[in-house]
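Breakdown of the fold
Take a look at the letters that make up each chain.
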Amino acid sequence: MLTSYLPPLAGGVLIGASAVVLMLFNGRVAGVSGMVRGLFTRDSFALAERLLFLAALVAGAALVEQWTGMSPSARPAFPAWLLAMAGVLVGFGTALARGCTSGHGVCGLARGSLRSLVAVLVFVAVAMLTTFVVRHVWGIA
Amino acid sequence: MKRVLVLLVAGLMFGAGLALAGMTLPQRVLGFLDVAGAWDPALVFVLGGAVITAGVGYYWVFRRDHPILDQRFHLAGEGGVDAALLAGSALFGIGWGISGYCPGPAVALLAVPGNRETVIFLGSLLGGMLLAGLASHWRAMADID
């Protein structure tokens, strides 16, 4: 039973190690929402660096998904408007909070930031409440 | 040039980690967020493994004066908890709880060709970020007047 949690643990360690590599060499936070937000910048050098990280992220995910044979598939019964609304909320919310699961969740907690701890507690609690409503009250899965 | 190599290696590790952890599968993520269903604690291991690894690594990295390839560490100031942090995190939580995608897995969707959720979710995520940029721009304009 416990072995089924080895891939999640190994994946987490790999994500954490990525954050350490990026900080040790480039002095940058491995925050994905910040990288994406940074694509709307006039600084073309920073833009290229962020694009490179994001492209490598996609390649890394593709390689492992090829190997495990597990990649995300579309949920046909999931309403497109609801998915679009969720996307806007994730984009708007992470921009306002200046961080997401990686920037606040991994990097922020790892450096003992109070702001990040509060952000994580809020978004995990609100996400759990939301999933409850969507799945068990509205019956959408 | 060395910075480019670092970005490539770190990006590959990050994406591989997400996929290995099952974070790229929204159903797996929702299985963790759905505490009233058949709760899947996998994400505790993902976040735990990531935070402990990064925590130990950062502790050691921040003993340096500056990063190996830069003059300084680029860190957000510890500005304290404000309304934007609370409201933003709550809105993000709603979107994450609906879809099962946070920004990393949303970007990783590009690894799978022909998934309709990629265009819908990533497109609206970018739209949401632009909207937030416009909102802060308007607020800054209002402050000047």
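Definitions and limits used
Residues numbered from 1 in each chain as written. Chains lettered and ligands numbered in written order. Predicted model: local features only at pLDDT ≥ 70, side-chain atom pairs only at ≥ 80, totals over all residues. Heavy atoms only, no water. Helix = DSSP H or I, 4+ residues; strand = E, 2+ residues; numbered from the N terminus. Rg over C-alpha atoms; globule rule 2.2 N^0.38 Å. Buried < 20%, exposed > 50% of the residue type's maximum accessible area, 1.4 Å probe, protein only. Contact = heavy atoms within 4.5 Å. Areas by Shrake-Rupley, 256 points an atom, 1.4 Å probe, with all protein chains shown as cover. Buried area = accessible area lost by both parts, 1.4 Å probe. Salt bridge = Lys/Arg side-chain N within 4 Å of Asp/Glu carboxyl O. Polar contact = N/O pair within 3.5 Å; in protein donor to acceptor, adjacent residues only side chain to side chain. Nonpolar A, V, L, I, M, F, W, Y, C, P; charged D, E, K, R; others polar. Core = buried A, V, L, I, M, F, W, Y, C linked by side-chain atoms within 4.5 Å.

Regarding its fold elements, chain B presents six helices and zero strands. Going from N to C terminus, chain B has its helices and strands arranged as α-α-α-α-α-α. Over its C-alpha atoms chain B spans a radius of gyration of 18 Å, topping by over 25% the 15 Å that the globule rule assigns to 145 residues. Dimensions of chain B, computed from C-alpha atoms along their principal axes, come out at roughly 45 × 45 × 30 Å. For chain B, the proportion of its 145 residues judged to be buried stands at 50%. Residue pairs in contact within chain B that sit at least 24 positions apart in sequence constitute 36% of those at least 6 positions apart. For chain B, the exposed area adds up to about 6800 Å²; of that, 70% sits on carbon and sulfur atoms.

In this complex, chain B contributes 102 residues to the contact, which on the side of chain A involves 98 residues. When residues of chain B are sorted by the area they lose upon contact with chain A, F14, Y58 and I98 of chain B head the list and together hold 8% of the total. For the pair chain B and chain A, the number of links is four salt bridges. Across the chain B-chain A interface, the total number found is 19 residue pairs in polar contact (both at pLDDT 80 or more). Mapped onto the side of chain B that touches chain A, the elements with two or more residues apiece are helix 1 (2-21), helix 2 (26-33), helix 3 (42-61), helix 4 (83-99), helix 5 (103-108) and helix 6 (116-144) of chain B. At 17 residues, the largest contribution of residues to the side of chain B that touches chain A is made by helix 1 of chain B. Its residues assigned to classes, the side of chain B that touches chain A comprises 67 nonpolar, 24 polar and 11 charged.

Okay, the nonpolar core next. Within the largest apolar cluster, 72 residues are counted, with the highest numbers of intra-cluster contacts made by F53 of chain A together with W96 of chain B. Ranked by the residues each element gives to this core, the list is headed by helix 1 of chain B, at nine residues. Apart from residues no more than four positions distant in its own chain, F53 of chain A is found in contact with S18, L22 and M35 of chain A together with L7, A10, G11 and F14 of chain B.

Just geometry here; none of it tells us what the structure is for.
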